[in-house]
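# Reading the structure
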Amino acid sequence: MIKNPDDFGRVAVMMGGSAAEREVSLKSGAAVFAALKRKGVDAVAIDVTGSPIDALAGLKLDRVFNIIHGRGGEDGVLQAVLQVMGIPYTGSGVMASALTMDKLRTKLCWRGYDLPTPKWVLLKTIDDLDACIDKLGFPVIVKPAQEGSSIGMSKANNREELEKALKVASEFGCDVYAESWVTGKEYTVGLLNGKALPVIRLETPNAFYDYEAKYKATTTQYHCPCGLNTEQEQQLQQLAVQASEVVVVKGWARVDVFIDDSGQPQLIEINTVPGMTDHSLVPMAAKQAGIEFDELVWKILETSCR
Ligand SMILES: Nc1ncnc2c1ncn2[C@@H]1O[C@H](COP(=O)(O)OP(=O)(O)OP(=O)(O)O)[C@@H](O)[C@H]1O
Ligand SMILES: [Mg+2]
């Protein structure tokens, strides 16, 4: 545990990036940077627009607070650059970042450990639609495997919608898969240093927690306490911790999970660089645990001291 801000040395808050979630990252980055400043940390904000190597060139740094969401920041690439440069950084390492950026590969790992996750089918071309309909039926949700913020995702209730959803998701230059639609309640579990924060339940009148519901709508509801009883909440927290351990996630993260109408949890995905705006979910969960935003930022920065 670090007591004195000087012990962190000079900290670069790396934000922005060129992924679809750039704007969200800039907001998270601004909030993190302001918090570090308030805490007396010697922080410098870096908006990464091109190569992270160029962005870091000539800077004397002791560590990086990485808050770039999505590809290029959350996927192991930046982590590898920093590792080679010998600069400590917050959060997960190269392998966990790369693996969890790909939701489909993450599901394969979970499946290998017998952890519950909805059934899915890889969709390469429209020739795969029949097999998908046979295996999953309807409805399904179609996703690009490596995007975040619900970008490129849609629900499909019939073959025509499935075909359209595949087209939309194929625009993102990564694998596309269809997943069985889960009917039930949606939760998210923040993790800090291997421990789960209080669970949040999300509720939206939209078909699902889409981009609009995440960043624009005023109708999205966040319940924390989440409404589960203590034992149920602990079970969900335990599952989230396990789901992160099997893919070697470190430092901090956020696990998205449903409990379906039969009471069965269904793991959806892990975010290794979750949102950190003052409206984001990890700060909300931390607050419920008595950890204010600035202190949370400090604790996440401590995860770079390994
Ligand atoms: N199998 C499913 N059944 C029903 N709804 C789902 C399913 N999978 C995802 N969703 C809905 O879509 C949303 C986004 O899905 P997911 O978490 O996989 O994508 P993401 O874009 O990576 O999200 P994030 O912004 O958390 O990175 C979920 O929050 C949930 O509301
Ligand atoms: Mg998600």
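All values reported here derive from a predicted model rather than from experimental measurement. (Residues numbered from 1 in each chain as written. Chains lettered and ligands numbered in written order. Predicted model: local features only at pLDDT ≥ 70, side-chain atom pairs only at ≥ 80, totals over all residues. Heavy atoms only, no water.)

## What to know about the sheet that holds strand 7 (residues 176-180)
Here is the rule we go by: For two strands to be treated as a pair, DSSP must find at least two bridges joining them. Strands here mean DSSP runs of E at least two residues long; helices mean DSSP runs of H or I at least four residues long; both are numbered from the N terminus. Lines fitted to C-alpha atoms define the axes here, with helix axes fitted over just the stretch in contact, and angles between the N-to-C directions of these axes take values from 0 to 180 degrees.
A sheet is described by the order of its strands in space; here four strands give the open sequence 4-7-5-6, paired in antiparallel fashion. Across the chains shown, the open sheet's two edge strands, defined by having one partner strand only, are strand 4 (120-122) and strand 6 (154-156). Pairwise comparison of adjacent strand axes, ignoring direction, gives a mean angle of 25 degrees for this sheet. Pairing analysis gives three bridges linking strand 5 (residues 140-144) to strand 6, with the strands arranged antiparallel.

## Concerning the coordination of the magnesium ion (ligand 2)
Angles at a metal have ideal values that depend on geometry: 109.5 degrees with four tetrahedral donors, 90 or 180 degrees with six octahedral donors. Rules: Because no water is among the atoms considered, metal sites can look incomplete, with donors defined as N, O and S atoms within 2.8 Å of the metal, or 3.2 Å for Na, K and Ca. Throughout this description, buried means an accessible area under 20% of the type-specific maximum (1.4 Å probe, protein chains only), exposed means over 50%, and partly exposed covers the range between.
Here the magnesium ion (ligand 2) is held by the protein donor atoms Asp256 (OD) and Glu269 (OE), which lie 1.9 to 2.0 Å from it. Taken together, the positions of Asp256 in strand 12 (residues 252-260) and Glu269 in strand 13 (residues 265-271) put the pair 13 residues apart, joining distant regions of the chain. With relative accessibility at 11%, the residue Glu269 sits in the buried group.

## Considerations on the domain arrangement of the chain
One frequent convention defines the size of an interface as the accessible area lost when the parts assemble. In plain terms, the rule: An automatic or database domain assignment is the source of the domain bounds shown. By definition, residues are in contact when any of their heavy atoms lie within 4.5 Å. Buried area counts how much accessible surface, traced with a 1.4 Å probe, disappears from two parts once they are put together, with both parts' losses summed. Salt bridges, as used here, are contacts in which a Lys or Arg side-chain nitrogen is within 4 Å of a carboxyl oxygen on Asp or Glu. Whenever two N or O atoms come within 3.5 Å, that pair is a polar contact, provided that in protein one can donate a hydrogen and the other can accept it, and provided that, for residues adjacent in sequence, both atoms are side-chain atoms.
In terms of domain boundaries, the chain breaks down into domain 1 (5-90), domain 2 (100-116 + 183-305) and domain 3 (120-180). One C-alpha centre belongs to domain 2, the other to domain 3, and the line joining them spans 23 Å. If you look at the interface, domain 2 gives 15 residues, while domain 3 gives 17 residues. The largest contributions to the domain 2 side of the interface with domain 3 come from Lys103, Leu104 and Phe208, which together make up 39% of the buried area. Put simply, domain 2 and domain 3 have two salt bridges between them. As a salt-bridge pair, Lys107 and Glu179 come within 2.7 Å of each other at their nearest N and O atoms. Our enumeration of links across domain 2 and domain 3 arrives at eight residue pairs in polar contact (both at pLDDT 80 or more).

## Regarding the nonpolar core
The criterion, for reference: Throughout this description, the term nonpolar core refers to a set of buried Ala, Val, Leu, Ile, Met, Phe, Trp, Tyr and Cys residues connected via side-chain atoms within 4.5 Å.
One finds Leu36, Phe65, Ile67 and Met276 to be the most contacted residues of the largest nonpolar core, which totals 34 residues. Among the elements of the structure, strand 1 (10-16), helix 1 (22-38), strand 10 (200-203), helix 10 (281-288) and helix 11 (293-302) are those that each provide at least two residues to this core. The element contributing the most residues to this core is helix 11, with six residues. Taken together, domain 1 (5-90) and domain 2 (100-116 + 183-305) each give at least three residues to this core, which thus spans both. With residues near it in sequence (within four places) discarded, Leu36 still touches Val11, Val13, Val41, Ala43, Phe65, Val297 and Leu301.

## Concerning the packing of aromatic side chains
Note the cut-off: When the centres of two rings from Phe, Tyr and Trp lie within 6.5 Å, Trp using its six-membered ring, the rings pair. Their planes under 30 degrees apart give stacked, over 60 give edge-to-face, and anything left gives tilted. Only when the NZ of Lys or the CZ of Arg is both within 6 Å of the ring centre and within 35 degrees of the ring normal is a charge said to sit over the ring.
All chains considered together, the criterion is met by four aromatic pairs. Ring geometry for Trp181 versus Phe208: centroids 6.3 Å apart, planes at 75 degrees, classification edge-to-face. Of the two residues, Trp181 is situated in the loop between strand 7 and strand 8 (184-192) and Phe208 in the loop between strand 10 and helix 8 (211-215); the sequence distance between them amounts to 27 residues. With relative accessibility at 15%, the residue Phe208 sits in the buried group. For the pair Tyr209 and Tyr222, a centre-to-centre distance of 6.4 Å together with 75 degrees between the ring planes defines the contact as edge-to-face. Taken together, the positions of Tyr209 in the loop between strand 10 and helix 8 and Tyr222 in strand 11 (residues 221-223) put the pair 13 residues apart, joining distant regions of the chain. We classify Tyr209 as buried; its relative accessible area is 9%. Lying over the aromatic face of Trp298, Lys39 brings its terminal NZ or CZ to 5.6 Å of the ring centre. Here the basic side chain of Lys155 rests over the ring of Trp181, its NZ or CZ set 4.2 Å away from the ring centre.

## Overview of the site of ligand 1
The condition that has to hold: Near, as used in this document, describes a residue that has one of its heavy atoms within 4 Å of the molecule or strand being considered. All accessibility values rest on the Shrake-Rupley procedure with a 1.4 Å probe; residue burial counts only the protein chains present in the view.
Around ligand 1, 22 residues are found, and the nearest of them are Lys103, Ser150, Glu179, Glu186 and Lys214. A distance of 2.7 Å separates a nitrogen atom of ligand 1 from a polar side-chain atom of Glu179. Residue Glu186 places a side-chain N or O atom 2.4 Å away from an oxygen atom belonging to ligand 1. For ligand 1, the protein covers 97% of the area, taking 620 Å² as the surface of the free molecule. Going through the elements one at a time, strand 5, strand 7, strand 12 and strand 13 are the ones with two or more residues in the shell around ligand 1. Of the domains in this structure, domain 2 (100-116 + 183-305) and domain 3 (120-180) are the two that each give at least three residues to the shell around ligand 1.

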